[in-house]
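Report on the structure
In case you want the letters, here they are:
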Amino acid sequence: MVQKNTVRRPVANLSIWGTTYLHKRDPLIIACWSLTFPGYGHILLHKYTRGFALIIWEVFINQISHLNEAMVYSFIGEIDKAKQVLGVNFVFMYIPLYLFAIWDSHRSAVGLNDLHVLTETEDQIINALTVKPFEVNYLDKRKPLAAIWWSMLFPSLGQLYLHQIFSAIFTLITIVVFNYYSHFVESLYYLLLGDIQKSTRILDMQWLMYLPSLYFFSIYEAYVNTVENNKLFDAEQRSFLIKNYQSSSFKVKKGVKVR
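Residues numbered from 1 in each chain as written. Predicted model: local features only at pLDDT ≥ 70, side-chain atom pairs only at ≥ 80, totals over all residues. Heavy atoms only, no water.

At a minimum axis separation of 11 Å, helix α3 (residues 48–65) and helix α9 (residues 165–182) run at an interaxial angle of 10°. It follows that α3 is roughly parallel to α9 by the angle criterion. Two secondary-structure elements touch here, α3 through Tyr48, Phe52, Ile55, Ile56 and Val59 and α9 through Phe166, Ser167, Phe170 and Phe178. A per-class count over the contact of α3 with α9 returns 8 nonpolar, 1 polar and no charged. (Axes fitted to C-alpha atoms, helices over the stretch in contact; angles between N-to-C directions. Helix = DSSP H or I, 4+ residues; strand = E, 2+ residues; numbered from the N terminus. Parallel < 35°, antiparallel > 145°, perpendicular 65-115°, else oblique. Contact = heavy atoms within 4.5 Å. Nonpolar A, V, L, I, M, F, W, Y, C, P; charged D, E, K, R; others polar.)

Before going further, it helps to spend a moment on empty space enclosed by the protein. Under the counting rule described, the total for this entry stands at 1 cavity of 30 Å³ or more. Taken as a whole, the largest cavity encloses approximately 70 Å³ of empty space. Lining the largest cavity are 13 residues, with Tyr40, Ile55, Phe170, Thr171 and Leu214 positioned closest to its centre. Residue assignment for the lining of the largest cavity shows that the elements contributing at least two residues are α2 (40–44), α3, α9 and α13 (211–245). No other element matches the 5 residues that α9 contributes to the lining of the largest cavity. (1 Å grid on protein atoms, 1.4 Å probe; cavity = no way out; pocket = protein on both sides within 12 Å on 5 of 7 lines; lining within 4 Å. Points joined across faces, edges and corners; volume = space filled by probe spheres on them.)

This part is about the environment of aspartate 26. Tracing the chain through its elements places aspartate 26 in the loop between β2 (18–21) and α1 (27–36). Its relative accessible area of 38% is what places aspartate 26 among the partly exposed residues. Between the alpha carbons of aspartate 26 and asparagine 113 there is a distance of 8.8 Å; along the sequence they are 87 residues apart. (Buried < 20%, exposed > 50% of the residue type's maximum accessible area, 1.4 Å probe, protein only.)

Another aspect to go through is the pairing of β2. Sheet topology note: the strand β1 (residues 12–15)/β2 ladder contains 4 bridges and is antiparallel. Bridge assignment links asparagine 13 to a residue of β2, and that residue is threonine 20. From the end of β1 to the start of β2, which pair antiparallel, there are 2 residues. (Pairing = 2+ DSSP bridges.)

This next bit is on the layout of surface pockets. The volume enclosed by the largest pocket comes to roughly 450 Å³. In terms of lining, the largest pocket is formed by 19 residues, of which the most central are Val11, Glu120, Ile126, Ala235 and Arg238. Its residues placed into classes, the lining of the largest pocket shows 7 nonpolar, 5 polar and 7 charged.

Before going further, it helps to examine the packing of helix α7 (residues 144–153) against α13. In contact at an axis separation of 8 Å, α7 and α13 are set at 160° when each is read in the N-to-C sense. Taken as axis vectors, α7 and α13 run roughly antiparallel relative to one another. As for the relative orientation of α7 and α13, their crossing is right-handed in sense. Here Pro144, Ala147, Ile148, Ser151 and Met152 of α7 lie close against α13, whose contacting residues are Tyr215, Ser218, Ile219, Ala222, Tyr223, Thr226, Val227 and Asn230. Broken down by class, the residue content of the contact of α7 with α13 amounts to 9 nonpolar, 4 polar and no charged. (Left-handed = near helix turned anticlockwise from the far one by under 90°.)

In this section: the nonpolar core. The nonpolar side chains of a soluble globular protein tend to be buried with one another. Within the largest apolar cluster, 31 residues are counted, with the highest numbers of intra-cluster contacts made by Tyr40, Ile55 and Phe178. Elements with a contribution of two residues or more to this core: β1, α1, α2, α3, α6 (88–119), α9, α12 (205–208) and α13. Of all the elements, α13 adds the most residues to this core, at 5 residues. Excluding its chain neighbours within four sequence positions, the residues that come into contact with phenylalanine 178 are Val59, Trp207, Tyr210, Leu211 and Leu214. (Core = buried A, V, L, I, M, F, W, Y, C linked by side-chain atoms within 4.5 Å.)

Time to look at the packing of aromatic side chains. Summed over the entire model, instances satisfying the criterion amount to 19 aromatic pairs. Considering the side-chain rings of phenylalanine 100 and tryptophan 103, the 6.1 Å spacing of their centres and the 45° angle between planes classify their relative orientation as tilted. With phenylalanine 100 and tryptophan 103 both in helix α6 and 3 residues apart, this pair spans about one turn of that helix. Relative to tyrosine 190, the ring of tyrosine 189 lies with its centre 5.3 Å away and its plane at 65°, an arrangement referred to as edge-to-face. Given a relative accessible area of 48%, tyrosine 189 falls into the partly exposed group. Using a relative accessible area of 18% as the deciding quantity, one classes tyrosine 190 as buried. Three or more aromatic residues joined by ring pairs make a cluster, and in this case those are Trp33, Phe37, Tyr40, Phe178, Tyr180, Tyr181, Trp207, Tyr210, Phe217 and Tyr220. Just above the ring of tryptophan 103 sits the side chain of arginine 107; from NZ or CZ to the centre is 5.5 Å. Here arginine 142 stacks its cationic end above the ring of tyrosine 138, 5.5 Å away from the centre of that ring. (Phe/Tyr/Trp six-rings, centres within 6.5 Å; stacked < 30°, edge-to-face > 60°. Lys NZ or Arg CZ within 6 Å of the ring centre and 35° of its normal.)

Here it is as structure tokens:
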């Protein structure tokens, strides 16, 4: 029977869709990922609804303003082309979203860190197993290097390895869409054949610019969540052993220093 966590501030929730939990994050790192791509910082905080909404909105505004394409032209010194393709009206809609994502992810990280400190003062009940008709989720030790490897092989596999279903599905759909419209795989194929001109010509830089941040974020997210998942497993085991096997009169006394 699954025990209900009746504490005021539960530290974790285990469901068939994944494990959501509080742990300490560096607010600056969270803000940097939001700087890389709006929404990534919120996903690291397990605020998936807000994170996915910011990502979708960012892609939508970026596509209709051709911001990525204008950036590519500016990088190679073709400023006139950058001005021609850039949708100025939509760019000004993009800026507030971009700044809000950075500010809100940093603010949320600070707030969640404070909540995590408060959870340490409460007697937590962490459910280690959830069994439902369509899925099973449970806490166990997983290998961070395995999460990195699968994410490097194909983004979303590291999240599936960790049973972060929402993040895995969204990442899978996103990487397929970005790859398809950027023609990255097709371009790589012609590059391996030695046809550099065709490889370059078929690339769509507007879509290609999304791929690097998504690829490296997928690796980082899978690694960090695996490490923290292992810490949560240790915390649940420690809590269970203390409650069921440790005598209430047991006390750890300070040892005598040997000279």
